[in-house]
Amino acid sequence: MRYLRLISILLLGATLAACNTTKRLYEAQEYDQVIQRVAPEICAGDKNAKQINYVAASYHKANQADHERIQSLKATGQPDVWPEIYQRYCSMKGRNDALKCFPTKVKNGMNYAKLDLDDDLKAARNKAESFLVAKANQLLNSGSKADVEEAEKYIEQLRCTNKENSKLPLLQKKKLLLSCDHVEIVVVGKDERPLLAEFADAVMAFDEGEVPENVVCSSRWKMPRKGDAQMLVVVEDIRITPNRLDEVTFKETNDGKTVKVTDHSQNKSVTVSGMIKYIDCDSYRTFGKVTVPFEVTSTFKNDYTTIKGDREACSAETLSRLDSHPVPVPTDESMLLDAAKKLNDLIAAELRK
């Protein structure tokens, strides 16, 4: 019996302690903490009247405060209010979702109603994203180091708002390139294996003024130093098609004269594909690597026509093609270097975005 009394006393003490904690949070106007603390217990079947009253009051007061703040922000007509409006809608939806598992009788007693906020959330998020993208771009384009640091706050806020935003990778890349002392370009094969030196040199053969001043080229991969960044050009695949000669033969006639015409087409291509990875030593753990896929192709194609028979039987179109001739097919190495030049142009354009 003594043990039973002790257990009862302990349970009563725990209940009182929980109520006191909830009361302190409520009096401190920490309404969301009250809901986070008590709502799961009510969902699990705890029907302590005081706890339910605290949750009900917290729910309505917090939602009322958010509603009034949203209306006040909207009345300003300013675009910078939408991130806060979106977050407040998220808070209202979160509270509503936390209470939807309450017993029906408890919901009715606290005047709970399911809030339909989907359209409001979507509209607010879209406007919040538009503002954050525009503000980050404005700061990044100012040319000021201080503005670049300020832009990082808006980029992080955009990531928290919607990590799938299509403009987020570009903003992260711009911030990275503008904030670092040096951006080192390294061309490597898959798994950081070295490539043909002539190919790598051609990829990094930039004209003067073609890329930002803080861009430097390196012949080998190494971890970037603190304060620097790295543009790792990873060549994952090189596809070389065999020399191909396609032929189509047909006859032409004119005034009883006949000629056999053959159209020849020489074809060959080299395609280089892979991934550009931007690595920031300082904030590596923040957003990891920004990656951009690439594919460039060097194509050789030469068409020429030959005939067998009476030239006078040829049509005007065939005669116009008879001045063309076969030419030597470029080597794999020369076409690979041509693809490297195309990749060089692609990288330069990527750095200027």
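Residues numbered from 1 in each chain as written. Predicted model: local features only at pLDDT ≥ 70, side-chain atom pairs only at ≥ 80, totals over all residues. Heavy atoms only, no water.

A. How the structure looks around the overall build of the protein. Each helix and strand counted, the protein has twelve helices and six strands in total. The contacts in the protein between residues at least 6 apart in sequence include a share of 71% that link residues at least 24 apart. Approximately 20900 Å² of the protein is accessible, and the part contributed by carbon and sulfur atoms is 51%. (Helix = DSSP H or I, 4+ residues; strand = E, 2+ residues; numbered from the N terminus. Contact = heavy atoms within 4.5 Å. Areas by Shrake-Rupley, 256 points an atom, 1.4 Å probe, with all protein chains shown as cover.)

B. Just the packing of aromatic side chains, in detail. Inspection of the entire model under this criterion finds four aromatic pairs. For the pair Tyr26 and Tyr54, a centre-to-centre distance of 5.5 Å together with 50° between the ring planes defines the contact as tilted. Of this pair, Tyr26 sits in helix 1 (residues 2-27) while Tyr54 sits in helix 3 (residues 49-76), and the two are 28 residues apart along the sequence. Residue Tyr26 is classed as buried on the basis of its relative accessible area, which comes to 17%. Given the relative accessible area of 18%, Tyr54 is considered buried. Aromatic side chains Tyr59 and Tyr112 sit 5.9 Å apart centroid to centroid with 40° between the ring planes, which places their arrangement in the tilted category. (Phe/Tyr/Trp six-rings, centres within 6.5 Å; stacked < 30°, edge-to-face > 60°. Buried < 20%, exposed > 50% of the residue type's maximum accessible area, 1.4 Å probe, protein only.)

C. Fine view of the environment of Ser142. Here Ser142 is to be found in the loop between helix 6 (118-140) and helix 7 (145-161). Here Ser144 takes part through its backbone nitrogen, which lies 3.2 Å from a polar atom of the side chain of Ser142. (Polar contact = N/O pair within 3.5 Å; in protein donor to acceptor, adjacent residues only side chain to side chain.)

D. The side chain of Thr262, seen in detail. Turning to its location among the elements, Thr262 is positioned in strand 5 (residues 257-280). Given the relative accessible area of 11%, Thr262 is considered buried. The residues contacting Thr262, other than those within four sequence positions of it, are Glu247, Val248, Thr249, Tyr304, Thr305 and Thr306.

E. Spatial organisation of the state of the cysteines. Summed over all chains, the structure comprises one disulfide. In this model, Cys43 is linked to Cys101 through a disulfide, with the two sulfur atoms separated by 1.7 Å. Judged by the sign of its S-S torsion, about 55°, the bond between Cys43 and Cys101 is right-handed. One end of the pair, Cys43, is in helix 2 (residues 31-43); the other, Cys101, is in the loop between helix 4 (82-99) and helix 5 (104-109), with 58 residues separating them in the sequence. Taking relative accessible area as the criterion, Cys101 reaches 41% and is therefore assigned partly exposed. (Disulfide = S-S within 2.5 Å.)

F. Representation of the nonpolar core within the structure. Within the largest apolar cluster, 34 residues are counted, with the highest numbers of intra-cluster contacts made by Ile185, Phe199, Val272 and Ile347. Listed by contribution, the elements that provide at least two residues to this core are helix 8 (168-179), strand 1 (183-189), helix 9 (197-203), strand 3 (229-240), strand 5, strand 6 (289-309) and helix 12 (332-352). Here this core gets eight residues from one element, more than from any other, and that element is helix 12. If near-sequence neighbours (up to four positions away) are discounted, Ile185 is found in contact with Met204, Phe206, Val215, Val216, Cys217, Ser218, Met231, Val233, Ile347 and Leu351. In this structure, Leu25, Ala39, Ala62 and Val106 belong to the second largest nonpolar core, which totals 19 residues. (Core = buried A, V, L, I, M, F, W, Y, C linked by side-chain atoms within 4.5 Å.)

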